[in-house]
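Here are the chains, one letter per residue:
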Amino acid sequence: MTRTRWILLAVYLVLLTGSAIVQSFAPTEWYRLPTPFDTLTDVAPTEPDTRPMPLAALAWGNQNDTRPPVILIHGSPGQATDYAYLGPELSSDSRPVYSLDMPGFGYSEVWVPSYSARAYAAYVLAFMDARGIERAHLVGWSNGGAVVLHATDLATIAGTPDRIASITMLGAIGLQETEGSGDYYFEHAKYALGYAALVVLPEFIPHFGLLYPRENRVAFIRNFWDTDQRTLEPIMRSLETPSYVLHGRNDFLVSDWAAERHHDVMPTSRLTMTPHSHFLPFQQPEVSASLIRPFLERHDTPGVEPLAHTADLDPVRVRTGALGALDAIARSARDWPWWLVVPIGALFARFRPETTTVLLAYLCASLSLDFGVAAAAVYAGRRLTPCGAWDAPGVERATVRAITDVAWTAIALLLAQSAMASGLTDAWAGLGFVVALALTTLLLRVVRTLPTPSGRRRLLAWVTKWLHHEWWPSWMLYAGLVPTLVRLGLQHKSLLVWTAANPGVPPDEGIQGESKAELLDKIKHPSVLPYAIVAPAGTSADRAVQARELVDSRAELGGFPIVVKPDAGERGRDVAIARSPDDLESALAPIAGPAMLQKFHPGPLEVGVFWIRRPETVGDPTDDSSQRPQGFVFAITRKTLPEVTGDGRRTLRQLVERHPRYRKQMAVHARRDDFDTRVPADGESLRLTEAGNHSRGCMFSDGEDLRTPDLEAAVDAVASAYRGPNGEPYDFGRFDLRATGEDELRAGRFAVIELNGTTSEATNLYDPKRSTRWAYSVLAKQWGYAFELGAKRAKQGSEPITMSRLVAVALRAFMPR
């Protein structure tokens, strides 16, 4: 440990010791609100896990009034002053009202054997005994609902059920199935985590008493831990005491559907749903008192029959269509067991973490899913997710990422609640929900990346990628081309006539997944780099032996180094350079199908040249012997391979993170095995990839300055040398070329690496210095020629592909190989 760390540790220990001393000699009581009606009553419950102790209470009204008093029970955490507004309202007609500080809270005893709702109920009855109260109405708010239910049960067991005149459950808990996950054991696992976070962890923070006092933190979490809500259902079902369920439709702590279920199982209950939240005693004391008071008056006299009815002051709007379907899903989610939701959520989070997090957050915001269940799903999914490009590797870091993702789920929940409160999710007949999801996902991505420098760089890379068409996904770029394609289709009376071009290339191969070897084999020209095919049969070791034999026996391959790549076009995927026989097995391992071994050309210049046959030569009987060019170079793309320069301190990851361009393709560069370990020397230049593909990090730029008559003539000669199985010509596509330098290329001296089919692009359109408008003009011209050539070939008898076949070929691109 360094000296600085020893010093920091010493300072921390001194602060922690000082904090403990301050708390022991001067315990803070800032959380206690001063009141003029503090009274202490010695109570002596006879139930197990209770002991005699003083109980604090607030009192309002005329204590000599003969009507049954009202005893108010707060939730957890809470204290008697939670009823500072509702208590006076209920006593406005002089009815005596008491609000108790339950053990562990307020001015009552802080350390007791049990903090359970049943123990609290025993203290309430003991308070009534000590004050000589023969009969009382009980009002339980939040967790206090369990207390008043147990009080009725204890009174019934004691043979005095009538001493509880009535109970009011005010935004109260009840059935276990309506609490969080609905599962006792899952909930207690949450309480255990809560104890660690709220009781144990603060003891290691030098807070000098500024945090909630230890004894009250213990009481808060123990109240949940010690209470078994499974015992409440039989009490509620057999209840004979008049009961009143008063709830807020917008209660975000105890859901409205929970109150409705409580009413359903309590035979003596009436239910009133209000348009308010959980904090009825604070925010709507007058309204709450006006609703409770008639109920109390009705049951001041024993034996009056309860009125079991419902008054819905805020009916739920029944929605139809897409919103109705979403509501149905949310309702059904309430009854899904946590052990089913967690693995399903984890599976989705494994592949789409942000989207899953937001969807789970919306279910939590609608109170259809417990946040603990959602957090467990996100945590499990994140632990299953391999390290992303921006994630530093390591088991401990993966755990930290999973924990922080739980925090982001909480942020997403707040965003979802805001979207729902604003009415955005209900707007535009369901479209508003989609907009809300998108905005929440966007905001979550921004919020989660801002705290760290690496995150801010990631956010900057993500934002800037959307600002230029170079980085757009293909579907987004080509969506803007749809009007042009429709216009061309109408002009030529067929949307697929372009597939009739390139009669020497089978339509399937020209559109997707063409065999590089089969295309190159049809070019009878010395500029094509020699190649050989490794069959897919056998293990990677067997294939490596086969490849070694090919390299040794085929002198034209030039020996090592040699290029290894899939025979089927995959946008540069799995392209590697085997520099020795030992590299062959690792290079072949990721290639499932046939692999191509191709002679290595050192370059360093690589270009893409898009060649198009002149439409007027189609059908010309002299096109083989004519001295005039058969086509022309439509576009030239200069390819610049990515390189970083080391400083002797930073790893490849850190160098790429700081590069304004390379960090936009972090996922590509992070595939290197040495990405997190290699530290290039100061001034050392290191090439990040050898593949001349944009998807592998290569930069494409317009190479118009490379155009010369010699280059055009040389490319035309290569294209004209192409012949299909029956002598069919080549019309349209891109050649990937390598040359030793620009002068050599301009002179028409190059090597052909690959030939691409009909759907290949003039890749100069991805030039980062060119505008999107310019890119679309290139695409429009390219496809204009494709349609024109296809129409001419169709007249000669070349058949365009059918729509069903096109769809099948397109779907094949998404199937695993």
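Residues numbered from 1 in each chain as written. Predicted model: local features only at pLDDT ≥ 70, side-chain atom pairs only at ≥ 80, totals over all residues. Heavy atoms only, no water.

## Considerations on unusual backbone geometry
In this structure, the amide linkage connecting Phe560 to the following residue, Pro561, adopts the cis form with an omega of 0°. Counting through the fold element by element, Pro561 comes out in the loop between helix 22 (540-553) and strand 11 (562-566). Residue Pro604 is bonded to the preceding Gly603 through a cis peptide linkage, with omega at 10°. Position of Pro604 relative to the elements: it lies in the loop between strand 13 (595-599) and strand 14 (605-613). Of note, the phi angle at Leu367 is positive, near 60°, even though the residue is not glycine. Overall, Leu367 belongs to the partly exposed group, its relative accessible area being 21%. (Helix = DSSP H or I, 4+ residues; strand = E, 2+ residues; numbered from the N terminus. Buried < 20%, exposed > 50% of the residue type's maximum accessible area, 1.4 Å probe, protein only.)

## Observations regarding the nonpolar core
Counting 55 residues, the largest nonpolar core has Ile71, Leu100, Phe127, Leu149 and Met266 as its most contacted members. When residues of this core are assigned to their parent elements, the largest contribution, 10 residues, is made by helix 3 (residues 117-130). Ranked by size, the runner-up nonpolar core spans 31 residues in total, among them Leu481, Phe632, Phe634 and Ala762. (Core = buried A, V, L, I, M, F, W, Y, C linked by side-chain atoms within 4.5 Å.)

## With respect to the sheet that holds strand 20 (residues 751-755)
Pairing is antiparallel in the open sheet, where 5 strands are placed in the order 18-15-14-19-20. Looking along the sheet, the strands with just one partner apiece sit at the ends: strand 18 (699-702) and strand 20. Each neighbouring strand pair of the sheet contributes to a mean axis angle of 30°, computed without reference to strand direction. Bridge analysis of strand 19 (residues 732-739) against strand 20 gives 4 bridges, and the strand direction is antiparallel. Counterpart to Asp736 in the pairing with strand 20 is Glu754. (Pairing = 2+ DSSP bridges. Axes fitted to C-alpha atoms, helices over the stretch in contact; angles between N-to-C directions.)

## Re the packing of aromatic side chains
Per the stated rule, a full pass over the model turns up 21 aromatic pairs. Note on Trp141 and Phe279: the rings are 6.3 Å apart at their centroids and 70° apart in plane angle, and the pair reads as edge-to-face. Placement of the pair is Trp141 in strand 5 (residues 136-141) and Phe279 in the loop between strand 8 (269-274) and helix 9 (280-283), with a sequence separation of 138 residues. With centroids separated by 5.2 Å and ring planes inclined at 40°, the aromatic side chains of Tyr244 and Phe295 adopt a geometry described as tilted. With Tyr244 in strand 7 (residues 243-248) and Phe295 in helix 10 (residues 285-298), this pair connects stretches of sequence that are 51 residues apart. Classification of Phe295 as buried rests on a relative accessible area of 1%. Members of the aromatic cluster, each reached through a chain of ring pairs, are Tyr83, Trp141, Phe252, Phe279 and Phe282. The lysine or arginine in question, Arg230, covers the ring of Tyr184, its NZ or CZ lying 3.7 Å from the ring centre. Above the plane of the ring of Tyr244 lies Arg270, whose end atom (NZ or CZ) is 5.6 Å from the centre. (Phe/Tyr/Trp six-rings, centres within 6.5 Å; stacked < 30°, edge-to-face > 60°. Lys NZ or Arg CZ within 6 Å of the ring centre and 35° of its normal.)

Limitation: the analysis is restricted to geometry and does not speak to function.
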